[in-house]
Amino acid sequence: MNITYVEHSCFLVELDKVVLIFDYFKGQLPDFDPEKTIYVFSSHNHHDHFNIDIFQLLNKYPNVVYIFSKDIKKKFGRKFFNTHGVDDEVYEKIEFIDINKTLEISNLKIETLNSTDEGVAFIVTAEDKTIYHAGDLNLWWWNGRDQKDNENARERFEEEINKIKNRHFDAAFVVLDPRQGEEFYLGFDYFMKNTNTDKVFPMHFWGDSSVIERLKEMKCSEDYRNKIFL
């Protein structure tokens with residue numbers, strides 16, 4: 001399993017027979033083996049997680065499958081895709097997946113959780129590897145917001161993560177957002193302490209990778225800091 005960080009929340013996971021692309025926003029994608037099937041995932045409609053340019057892969061590779069959160073379909077619709085060069089034949093083949101669903105395509109098993117913002121988080125099992133991509137599923141605790149609203153955010157987040165409590169992930173891509181100030185680590189920390197994750201890759205840090213070292217230096221990360229990669 002080869003993992004490549006592209007930009008923001010976009011990661012590539014290359015396995016023996018498939019390539020998984022999560023939340024392409026911008027950045028340079030490498031060349032892929034044309035014999036492999038490329039699965040493109042977009043967790044929700046926000047501009048930093050979904051870019052219509054990802055359909056340009058079809059100009060270069062014969063086997064590309066698109067799996068998008070259903071909120072992308074609701075927001076943009078067929079006309080938007082058509083206007084941006086995605087014809088009806090391609091549009092009809094997009095798999096739009098809703099929250100708390102399971103979808104099996106060829107040798108992939110795709111599960112979703114409900115995001116605490118928009119769309120879904122993905123759990124993908126392929127070639128005996130299980131991979132988690134959070135999208136915007138995070139504990140969005142904000143300074144200056146009403147305490148009750150923050151506690152509700154915590155409850156919603158923990159409810160979703162508790163659905164996968166103690167589950168094993170070979171790799172996970174998890175939000176670590178510096179905009180949250182001193183509470184930047186809360187969701188990441190809860191995820192790591194409630195799952196059995198081999199390698200975790202911080203994402204959604206808006207170019208400020210210093211939060212990774214900050215977390216590694218905190219006492220709370222003592223049991224998992226050696227699992228943090230980028």
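Details of the structure are given in the entry above.
Read on for an overview of the structure. Here the structure is a predicted model, which is why all the values come from computation and not from measurement.

Some points on the sheet that holds strand 1 (residues 2-7)
Read across the open sheet, the six strands follow the order 1-2-3-4-5-6; overall the sheet is mixed. Each edge of the sheet is formed by a strand with only one pairing partner; in this case those strands are strand 1 and strand 6 (95-97). Direction aside, the axes of adjacent strands within the sheet are offset by 20° on average. Examined bridge by bridge, strand 3 (residues 18-22) and strand 4 (residues 37-42) share five bridges and lie parallel to one another. Along strand 4, the bridge assignment pairs V19 with I38.

Considerations on the packing of aromatic side chains
Within this structure, the stated rule accounts for 30 aromatic pairs. Between the aromatic rings of F201 and F229, the centroid separation amounts to 6.1 Å while the plane-to-plane angle is 35°, which identifies the pairing as tilted. Pair noted here: F201 is in strand 12 (residues 196-203) and F229 is in the segment after helix 5 (210-216), with a separation of 28 residues, a long-range link. The buried category is assigned to F201, whose relative accessible area is 7%. Sitting above the plane of the F229 ring, K199 keeps its charged end 5.2 Å from the centroid. When the ring centre of F184 is taken as reference, the NZ or CZ atom of R214 above it lies at 4.3 Å.

What counts and what doesn't
Residues numbered from 1 in each chain as written. Predicted model: local features only at pLDDT ≥ 70, side-chain atom pairs only at ≥ 80, totals over all residues. Heavy atoms only, no water. Pairing = 2+ DSSP bridges. Helix = DSSP H or I, 4+ residues; strand = E, 2+ residues; numbered from the N terminus. Axes fitted to C-alpha atoms, helices over the stretch in contact; angles between N-to-C directions. Phe/Tyr/Trp six-rings, centres within 6.5 Å; stacked < 30°, edge-to-face > 60°. Buried < 20%, exposed > 50% of the residue type's maximum accessible area, 1.4 Å probe, protein only. Lys NZ or Arg CZ within 6 Å of the ring centre and 35° of its normal.

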